[in-house]
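The primary structure of each chain is shown beneath.
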Amino acid sequence: MIGDITETKQCQLKDPMDLFHSGQVVKICAPMVRYSKLAFRTLVRKYSCDLCYTPMIVAADFVRSEKARDSEFTTNKGDHPLIVQFAAKEAQVLCDAARIVYPFADGIDLNCGCPQRWAMAEGYGACLINKPELVRDMVRHVRNQIDNPRFSVSIKIRIHEDLKRTVDLCQKAEATGVSWITVHGRSVEERHQPVHYDAIKIIKQSLSIPIVANGDIKTLKDAENVHHLTGADGVMVARGLLANPAMFAGYEETPLKCIQDWVDIALEHGTPFTCFHHHLMYMMERITSKQEKKVFNILSSTSAVLDYLNDHYGV
């Protein structure tokens with residue numbers, strides 16, 4: 001019985017909505033194409049990451065093709081809490097995709113923020129911020145068809161030049177039952193300009209559901225500063241975690257222990273070489289010299305990488 005109680009407590013702590021009501025800032029690993037897959041999620045969870053997203057998955061392909069499902073979505077018992085992010089433009093397709101992942105995940109997220117041309121040309125991603133009724137319809141459909149209030153339905157957006165439009169979009173989504181909203185504080189046109197944290201603060205003040213701040217968070221100190229600037233309930237990090245997967249645990253740069261953990265996890269998961277190597281290139285960016293980078297970045301096999309790490313770092 002005690003075992004049952006302990007297990008229940010642990011399960012409760014892994015519910016995304018419980019995280020947002022814990023009084024702590026929720027630390028989140030962003031959806032990253034090619035990178036935020038199971039092995040990397042396993043790594044960042046070891047270093048104080050509270051919540052992980054899958055890479056963006058095109059819902060229509062996922063529903064239509066078993067091959068797409070097998071290649072795009074892998075998980076395991078320890079991979080919680082987990083949010084599956086979908087690109088979608090039709091309510092029923094999003095519902096069908098949500099129903100497939102429902103037994104294995106804790107929620108889904110609708111991508112309304114991807115600024116890539118191909119996504120917007122297809123009617124996905126950031127073009128949805130200009131279609132609040134469609135977003136509302138998609139959220140409502142999932143809410144109606146998955147009858148479990150603990151299964152979260154969230155959206156990730158960029159901001160409009162006219163912030164009133166963004167606030168209106170967010171309020172409509174809130175009224176439809178969206179669980180939380182992640183705000184990347186740039187417009188669709190902006191790439192490397194400063195993030196508009198003031199805009200995230202205004203959105204936070206205009207809603208009563210949790211808001212997650214996203215954009216240019218590279219260290220735990222950045223995360224704390226952004227929380228103070230915006231009042232956001234969570235912070236979502238992409239490139240900062242690629243460069244330092246131990247960032248949320250307070251490390252300034254990737255510790256060797258984390259590199260060792262990545263090697264162990266990646267080999268255990270059968271991570272393809274290119275992905276395994278790319279992650280290490282990111283992680284070692286700050287701890288290697290220019291000369292070392294030249295040598296390390298052209299290694300072309302797992303055994304060569306393992307030999308290099310062993311010879312130079314004792315990993």
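Going by an unreviewed UniProt entry, the protein carries the name tRNA-dihydrouridine(20a/20b) synthase [NAD(P)+]-like and comes from Podilymbus podiceps. In its Sequence similarities (unreviewed entry) section, the UniProt record describing the protein reads: "Belongs to the Dus family. Dus4 subfamily."

S.K.: Which parts of the structure should I look at to understand the UniProt feature "binding site: FMN" (unreviewed entry) in the protein?
M.R.: The UniProt record annotates "binding site: FMN" (unreviewed entry) at Pro 31, Met 32, Val 33, Gln 85, His 184, Ala 238 and Arg 239. Here, the largest pocket is lined by Pro 31, Met 32, Val 33, Gln 85, His 184, Ala 238 and Arg 239 out of the annotated residues. Relative to the helices and strands, Gln 85 resides in strand β4 (residues 82-87). Mapped onto the elements of the fold, Ala 238 is located in the loop between β9 (234-237) and α12 (239-243). Look past the residues within four positions of Ala 238 in its chain and what remains in contact with it is Ala 30 and Met 32.

S.K.: Even after reading the chapter, I still don't get the nonpolar core, so can you show me in this structure?
M.R.: A general trend in soluble globular proteins is that nonpolar side chains are found buried together. One finds Phe 86, Ile 155, Ile 181, Leu 280 and Leu 309 to be the most contacted residues of the largest nonpolar core, which totals 87 residues. Core analysis: the next-biggest nonpolar cluster, separate from the first, contains 12 residues, Leu 19, Tyr 53, Ile 83 and Val 212 among them.

S.K.: What is the right way to read the UniProt feature "active site" (unreviewed entry) in the protein from this model?
M.R.: Taken from the UniProt record, the annotation "active site" (unreviewed entry) applies to Cys 114. Mapped onto the secondary structure, Cys 114 falls in the loop between β5 (107-112) and α7 (117-121). Its relative accessible area of 10% is what places Cys 114 among the buried residues. Setting aside chain neighbours within four positions, we find Cys 114 in contact with Met 56, Ala 119, Met 120, Gly 125 and Ala 126.

S.K.: What's the story with the domain arrangement of the protein in this structure? I'm lost.
M.R.: Think of interface size as the accessible area that goes away when the parts come together; that is how it is often given. By domain assignment, the protein separates into domain 1 (16-249) and domain 2 (256-313). The C-alpha-based centres of domain 1 and domain 2 are spaced at 29 Å. Applying the counting rule to domain 1 against domain 2 returns zero salt bridges. Only α3 (38-45) and α12 provide two or more residues apiece to the side of domain 1 that touches domain 2. Sorting elements by how many residues they give to the side of domain 1 that touches domain 2 places α3 first, with five residues.

S.K.: How should I be thinking about the pattern of salt bridges in this particular structure?
M.R.: In a structure, side chains of opposite charge can pair up when their charged atoms sit close to one another. With the rule as written, the count across this model stands at 13 salt bridges. Close ionic contact of Lys 204 with Asp 233 constitutes a salt bridge, the shortest N to O distance being 2.9 Å. Here Lys 204, found in helix α10 (residues 197-206), pairs with Asp 233, found in the loop between α11 (220-230) and β9; they are 29 residues apart in sequence, far enough to count as distant. Between Arg 239 and Asp 216 there is a salt bridge, and its shortest N-O distance comes to 3.9 Å. Note that Arg 239 is positioned in helix α12 and Asp 216 in the loop between β8 (211-214) and α11, a separation of 23 residues in sequence. Using a relative accessible area of 51% as the deciding quantity, one classes Arg 239 as exposed. If you follow the salt bridges from partner to partner, you end up with Asp 15, Asp 18 and Arg 150 in one network.

About the thresholds
All residue numbers here refer to positions counted from 1 along the written sequence of the relevant chain. Only residues with pLDDT of at least 70 get local features here, since the model is predicted, and only at 80 or more are side-chain atom pairs given and counted; chain-wide, interface and lining totals rely on the full set of residues. Heavy atoms throughout the structure, all of them, feed into the side-chain values; hydrogens and water do not. UniProt positions are given in the numbering used here, feature names are shortened, and annotations may be inferred rather than shown by experiment. Put simply, the grid is 1 Å and covers the protein atoms alone, a cavity is a trapped set of points that fit a 1.4 Å probe, a pocket is an open set with protein on both sides within 12 Å along at least five of seven lines, and lining residues have an atom within 4 Å of a point. Secondary structure elements follow DSSP: runs of H or I of four or more residues count as helices, runs of E of two or more count as strands, with numbering from the N terminus. In this description, contact between two residues means that some pair of their heavy atoms is separated by no more than 4.5 Å. Remark: nonpolar core denotes a set of buried residues (Ala, Val, Leu, Ile, Met, Phe, Trp, Tyr, Cys) joined through side-chain atoms within 4.5 Å. Residue exposure (1.4 Å probe, protein chains only): buried if accessible area is under 20% of the type maximum, exposed if over 50%, otherwise partly exposed. Either an automatic procedure or a domain database provided the assignment from which the domain bounds are taken. Put simply, a salt bridge is a Lys or Arg side-chain nitrogen that is within 4 Å of an Asp or Glu carboxyl oxygen.

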